[in-house]
Amino acid sequence: MVIYPGNESLGRRIAETLGADVASLTMRQFPDEESYVQLSAACAGRDVIVVATLDRPNPKVLPLLFLVDLAHELRASRVILVAPYLAYMRQDTRFKSGEAVTSRSFAKLLSGGIDALVTVDPHLHRYQALAGLYSVPAHVIHAAPLVAEWIQAEVERPLLVGPDSESGQWVADVARRASAPYVVLEKTRRGDRDVEVSVPDVERWRDHRPVLVDDIISTARTMIETVRRLKSADLPAPICVGVHAVFAGDAYRDLRAAGAERVVTTNTIAHESNQIDVSGAITAAVGRT
Ligand code: R5P
């Protein structure tokens, strides 16, 4: 197994459970900012699993492509990329003429270098599945059972809240597993950081703890607006649960400051809010490849 820098905690857990050898990887930049990559491992005839989550993808991707190409050159039988967070999934259509549909270009680029992909809850909104987008076998892990388990163990009288229709199906699934009621809000996004949400009549849930559940927390505007709306409807301070802790800029601090009671994420991206461990589910999926 090759653990890409920044993935040490999750990577080591996966390697231990799988009983995989961890290769020694050296990566650095030359003074001119080109990349140096060296792998000390016997790759010939073996499956090489590369653990590299892909938040803030741009500086990571070129060295990653060099790394997977190197593993092939060292005669790995297959190179399996474990990318717990898969980037560029939200740009899934041409919203304005002339725009790049980067989800497609990115999928082409990654598919060209790997033999299989394992990821956790990719943002599948306009795409039904990764198959068709990625040309290599792609294995998707769903965090819903782990999120539901965490809610059941940690929250009394939860009311699950999906911030937009995209989250509807997912929130319904978590709610069913956690035996909790749920509501789904309507969201209008006017810009990267300009989001409005409308809250339906939530009067009857005043004695419940709202638990916002979303796949990605990026600018956190979606969650911040929802927290504000629920608080002004006199509901208890909400708990925010996100699968992927992207947290652009000051998003985490801003969300806490907006009045979230707790902010909890899975460890697909290492962050201080990580409370839900997906390493077991990833190990099982890697085993199935
Ligand atoms: C979008 O549909 C996603 O499910 C999330 O709601 C969105 O990515 C959150 O983004 P932000 O934190 O920037 O509001």
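Higher on the page you've got the structure.
Residues numbered from 1 in each chain as written. Predicted model: local features only at pLDDT ≥ 70, side-chain atom pairs only at ≥ 80, totals over all residues. Heavy atoms only, no water.

Participant: I would appreciate a short explanation of the sheet that holds strand 12 (residues 209–217) in the present structure.
Facilitator: Within a beta sheet, neighbouring strands are joined by backbone hydrogen bonds and run either parallel or antiparallel to one another. Across the sheet, which stays open at both edges, the 6 strands sit in the order 9-8-12-13-14-15 with parallel pairing between neighbours. For this open sheet the edge positions go to strand 9 (182–184) and strand 15 (274–276), each flanked by a neighbour on one side alone. Geometrically, the sheet is characterised by an average inter-axis angle of 35° between neighbouring strands, direction not taken into account. Its contacts with the sheet place helix 5 (residues 168–178) against strand 8 (158–162), strand 9, strand 12 and strand 13 (239–245), and it is angled at close to 165° to strand 8. This element, helix 6 (residues 221–232), spans strand 8, strand 12 and strand 13 of the sheet and lies at about 165° to strand 12. (Pairing = 2+ DSSP bridges. Helix = DSSP H or I, 4+ residues; strand = E, 2+ residues; numbered from the N terminus. Axes fitted to C-alpha atoms, helices over the stretch in contact; angles between N-to-C directions. Contact = heavy atoms within 4.5 Å.)

Participant: Just checking my understanding: could you explain the site of the ligand for this structure?
Facilitator: What surrounds the ligand is a group of 15 residues, the closest being R90, E166, D214, T219 and T222. Contacts to the ligand include A220, whose backbone N or O atom sits 2.8 Å from an oxygen atom. In isolation the ligand has 380 Å² of accessible area, and contact with the protein removes 95% of it. The site holding the ligand turns out to be the largest pocket. Residue assignment for the shell around the ligand shows that the elements contributing at least two residues are strand 10 (186–191), strand 12 and helix 6. (Near = heavy atom within 4 Å. Polar contact = N/O pair within 3.5 Å; in protein donor to acceptor, adjacent residues only side chain to side chain. Areas by Shrake-Rupley, 256 points an atom, 1.4 Å probe, with all protein chains shown as cover. 1 Å grid on protein atoms, 1.4 Å probe; cavity = no way out; pocket = protein on both sides within 12 Å on 5 of 7 lines; lining within 4 Å. Sits in = over half its atoms within 2 Å of the grid points.)

Participant: Would you mind showing me how to read the layout of surface pockets here?
Facilitator: One simple way to see leftover space: roll a probe sized like a water molecule over the atoms. By volume, the largest pocket is sized at about 1,700 Å³. Surrounding the largest pocket, 50 residues form its lining, R90, H123, E166, D215 and I216 being those nearest its centre. Contributions of two or more residues to the lining of the largest pocket are made by helix 5, strand 10, strand 12 and helix 6. For the lining of the largest pocket, the two domains that each supply at least three residues are domain 1 (2–142 + 278–288) and domain 2 (144–267). Volume-wise, the second largest pocket comes out at about 190 Å³. By residue number, the principal contributor to the lining of the second largest pocket is strand 4 (residues 47–51), which donates 3 residues. Looking at the lining of the second largest pocket, its residues break down into 10 nonpolar, no polar and 3 charged. (Points joined across faces, edges and corners; volume = space filled by probe spheres on them. Domains from an automatic or database assignment. Nonpolar A, V, L, I, M, F, W, Y, C, P; charged D, E, K, R; others polar.)

Participant: What should I look at first to understand the sheet that holds strand 5 (residues 78–83) in this one?
Facilitator: Spatial strand order, 1-4-5-6-7: 5 strands in an open sheet with parallel pairing. Of all the strands in the sheet, the pair left with one neighbour each is strand 1 (2–3) and strand 7 (138–141). Sheet analysis places strand 4 next to strand 5, joined by 5 bridges and oriented parallel. Each bridged residue has a counterpart across the sheet, and for D47 the counterpart in strand 5 is R78.

Participant: Whenever I open this one, the pairing of strand 6 (residues 116–120) confuses me. Can you help?
Facilitator: Every other side chain in a regular strand lies on the same face of the sheet, so the side chains alternate between the two faces. In terms of burial, strand 6 is a largely internal element, 5 of the 5 residues being buried. With burial as the criterion, each face of strand 6 is covered, one bearing A116, V118 and V120 and the other bearing L117 and T119. Note: strand 5 against strand 6, 4 bridges, orientation parallel. From the neighbouring strand, A83 faces strand 6, where its bridge partner is T119. For the crossover that starts at strand 5, traverses helix 3 (residues 102–111) and ends in the parallel strand 6, the hand is right-handed. Relative to strand 7, strand 6 runs parallel, the two sharing 4 bridges. For L117, the partnering residue across the bridge sits in strand 7 and is A138. (Buried < 20%, exposed > 50% of the residue type's maximum accessible area, 1.4 Å probe, protein only. Right-handed = clockwise from strand over helix to strand, strands pointing away.)

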